[in-house]
Amino acid sequence: MAQVLTRDNADQRVAFNGTWEQFRLIQQATQNAPGVKLSFFAGEIEILVPGFKHENFAEIIGYLVTTFLLAQGLRFHPSGSMTQEKEGEASTQADKSFCLDRPKVIPDLSIEVVYTSSGLSKLPKYQALGVPEVWFWEDGVLWL
């Protein structure tokens, strides 16, 4: 019997070892599956379907960051959870991301809401991508 997703369900996460080519096949197979987030780094493929709480906090944090940037008079472009990728090495979709000044392939700020695994384990992936600033929301704390 299939599990019914409700507003209270936690994130659904699967991680396993794989190659870049396998990651690409999964990426193609899930391209029309809204809400599915994929990532690849150091031979690990992760498939994540965020739950309501995860998405709720991501939206609140995105609103707060947007409000701050507007109040500071900074020019910015929210890039949401667009795919950030370095061919053959790393790929991910942050919960929220922002480009300062102008749109870019790799954003200036990526924000991760962490419910299913430690944020520290995700930092090397963002470093490999060249994201200059990464923030994590974990256990009620926003940290850099």
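Owing to the predicted nature of the structure, the values given are computational and were not obtained by experimental measurement. (Residues numbered from 1 in each chain as written. Predicted model: local features only at pLDDT ≥ 70, side-chain atom pairs only at ≥ 80, totals over all residues. Heavy atoms only, no water.)

(A) Broad picture of the side chain of K96. By the secondary structure assignment, K96 is in strand β7 (residues 96-100). A distance of 2.9 Å separates a polar atom in the side chain of K96 from a polar atom in the side chain of E59. Among all residues touching K96, those that are not within four sequence positions of it are A58, E59, G62, G80, L109, S110 and I111. (Helix = DSSP H or I, 4+ residues; strand = E, 2+ residues; numbered from the N terminus. Polar contact = N/O pair within 3.5 Å; in protein donor to acceptor, adjacent residues only side chain to side chain. Contact = heavy atoms within 4.5 Å.)

(B) Quick peek at helix α2 (residues 52-71). With 20 residues, α2 extends 29 Å from end C-alpha to end C-alpha; this agrees with the ideal 28 Å at 1.5 Å per step. Listed in full, the buried residues belonging to α2 are H54, A58, I61, G62, V65 and L69. The buried residues of α2 occupy one face: seen down the axis, they fall within an arc of 105 degrees. Residues of α2 that are exposed and point over 90 degrees away from its buried face: Y63, L64, L70 and A71. The inward-facing, buried residues of α2 abut β3 (44-49), β4 (76-78), β7, β8 (109-114) and β9 (133-138). Downstream of α2 by one or two residues, G73 has phi in the positive range, about 70 degrees. (Expected span 1.5 Å × (residues − 1). Buried < 20%, exposed > 50% of the residue type's maximum accessible area, 1.4 Å probe, protein only. Arc of directions from axis to C-beta.)

(C) A look at the sheet that holds strand β2 (residues 37-41). In spatial order, the strands read β1-β3-β2-β6-β5; together these 5 strands make up an open sheet with antiparallel pairing. Both outer strands of the open sheet, β1 (12-17) and β5 (83-86), are each paired with one neighbouring strand and no more. Averaged over all adjacent pairs, the angle separating strand axes in this sheet is 15 degrees, with direction ignored. (Pairing = 2+ DSSP bridges. Axes fitted to C-alpha atoms, helices over the stretch in contact; angles between N-to-C directions.)

(D) How the structure looks around the environment of A42. Following the sequence through the fold, A42 ends up in the loop between β2 and β3. The exposure class assigned to A42 is exposed, which follows from its relative accessible area of 63%. As for A42 and G18, which are separated by 24 residues in sequence, their C-alpha atoms are 9.1 Å apart.

(E) Fine view of a nonpolar patch on the surface. Residues I60, Y63 and L64 make up a contiguous nonpolar surface patch of roughly 340 Å² in combined accessible area. Mapped onto the elements, L64 comes out in helix α2. (Patch = residues over 30% accessible without salt bridge, like charges linked within 9 Å, V, L, I, M, F, W, Y side chains within 5 Å. Areas by Shrake-Rupley, 256 points an atom, 1.4 Å probe, with all protein chains shown as cover. Salt bridge = Lys/Arg side-chain N within 4 Å of Asp/Glu carboxyl O.)

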